[in-house]
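What follows is the residue order along each chain.
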Amino acid sequence: MKRPIAYIAGTGYAVPRRAVTNDDLAKNGLDTNDAWIRDRTGIGQRYVSDPDETLTHLSAAASRIAMADAGVSAGEIDVIVLGTATPDHLLPATAVEVQAALGAGRAMAFDLGAACSGWLYSAQVAEGLIATGMAKTVLVIGAEVLSTIVDWTDRNTCVLFGDGAGATIIRSVKTLPKGDTRERGILSSYGRSDGNLYDLLWRPAGGVAEPFSDKVYEERRQYVRMEGREVFKHAVRSMADATDRALDMAKLTPADIDLVIPHQANMRIIEATAKHAGIDMSRFFVNVERFGNTSAASIPIALADARSQGLVPEGTLVLFAAFGAGFTWGSLIVRF
Ligand code: ACO
């Protein structure tokens with residue numbers, strides 16, 4: 001096996017103060033109910049930001065926890081990559097606002113747009129920057145305030161999503177303690193996209209192709225639209241493909257994997273992915289019941305949550321698999 005060169009040194013997450021249960025949605029006039037949402041998605045509640053809980057605020061809060069966990073100071077961060085589909089401003093990138101909030105004065109900071117695959121793609125960019133020697137310490141964040149871009153009158157979509165941020169510190173393996181020669185870090189990495197399917201999950205208006213206008217607001221075209229059944233089909237197929245490919249590349253089999261941390265899209269997608277990938281559900285970490293689908297934030301939140309429950313001790317072999325709008329998908333195998 002090739003010696004890994006980048007590893008995950010710290011994790012953290014932050015969510016808004018306010019949890020909104022399925023019953024809250026129904027009470028607020030949406031034609032839905034707890035039983036339907038739980039049965040179809042496994043979601044019980046999601047966190048929703050108040051105006052002061054911006055993407056920068058949540059990202060910086062998660063990052064401070066990850067930095068403390070890794071023992072990394074702001075001045076040591078070379079690069080900040082923020083995977084998101086919900087930046088605070090259209091210009092500049094939110095990553096630079098996070099940089100300023102953290103005081104990470106030496107860092108290069110930028111956003112990465114890959115929807116729900118945002119953290120996974122960002123981790124792959126970090127791995128590449130570390131491999132070239134351009135960076136030693138990268139802050140990789142996945143964060144979303146999806147509550148601002150979902151249509152709260154559309155029960156097909158709004159019940160699925162939640163807000164939050166997850167952060168990870170990815171470092172060069174050279175920073176391992178002296179004498180520690182174990183194989184750990186990123187063992188394999190796989191990513192793909194298919195732009196032919198961009199309009200199965202998208203925001204039609206608000207960009208350059210269809211700028212904001214009275215008509216856009218009237219037709220609610222600034223909000224997320226999704227063909228749920230098509231998305232389901234592609235999500236399962238793509239995450240199973242990503243799982244197989246990462247295993248092949250690392251010369252591992254499903255039996256070698258201790259824990260799978262998939263994008264927390266919804267319970268049914270995760271269960272179908274487990275079946276296609278041939279990995280028992282008991283090895284999947286799932287927390288979608290508490291957080292909903294937080295898109296780019298879902299994997300780093302799940303990782304930090306799993307670690308806080310003691311489920312990722314040293315040596316654990318973890319497979320991450322993501323799928324998102326675009327479509328985008330990919331996987332990582334990491335030894336902790
Ligand atoms: N509450 C109550 N009823 C609802 C709700 C709701 N929130 N939403 C839809 N329904 C109704 C529909 O209107 C429909 O009613 P009808 O038969 O009278 O027309 C009925 O429930 C069934 O609707 P379907 O869309 O057929 O339901 P389905 O079983 O396909 O489940 C779901 C819908 C959960 C969205 C499913 O298609 C799915 O999981 N798709 C994947 C989408 C997803 O998770 N996207 C996340 C983003 S992608 C990502 O993260 C990568």
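Since the model is a prediction, treat every value here as computed from it, not as a measurement.

Further remarks concern the pattern of salt bridges. Tallied over the entire structure, the rule returns 19 salt bridges. Here R268 makes a salt bridge to D39, at a shortest N to O gap of 3.8 Å. Placement of the pair is R268 in helix 9 (residues 267-277) and D39 in helix 2 (residues 34-41), with a sequence separation of 229 residues. A relative accessible area of 48% means that D39 is categorised as partly exposed. For R290, the salt bridge identified is with D305, shortest N-O distance 2.3 Å. Note that R290 is positioned in helix 10 (residues 288-291) and D305 in helix 11 (residues 298-308), a separation of 15 residues in sequence. Within the structure, one salt-bridge network assembled from shared partners comprises R17, R18, D50, D52 and E53.

All right, on to the nonpolar core then. Membership of the largest hydrophobic core comes to 48 residues, with the highest contact counts inside it found for V159, I257, L319, F323, F327 and I333. Elements with a contribution of two residues or more to this core: strand 8 (185-193), helix 8 (228-249), helix 9, strand 12 (317-324) and strand 13 (328-335). In terms of residues, this core owes the most to one element, helix 8, which gives seven residues. No fewer than three residues from each of domain 1 (6-175) and domain 2 (185-335) sit in this core. Those residues within four positions of I333 in sequence are excluded, and the remaining contacts are G185, I186, L187, S188, A246, L247, A250, L252, I257, L317, V318 and L319. Grouped together as the second largest cluster of nonpolar side chains are 32 residues, V81, L120, F285 and L303 included.

Criteria and cut-off values
- Residues numbered from 1 in each chain as written.
- Predicted model: local features only at pLDDT ≥ 70, side-chain atom pairs only at ≥ 80, totals over all residues.
- Heavy atoms only, no water.
- Salt bridge = Lys/Arg side-chain N within 4 Å of Asp/Glu carboxyl O.
- Helix = DSSP H or I, 4+ residues; strand = E, 2+ residues; numbered from the N terminus.
- Buried < 20%, exposed > 50% of the residue type's maximum accessible area, 1.4 Å probe, protein only.
- Core = buried A, V, L, I, M, F, W, Y, C linked by side-chain atoms within 4.5 Å.
- Domains from an automatic or database assignment.
- Contact = heavy atoms within 4.5 Å.

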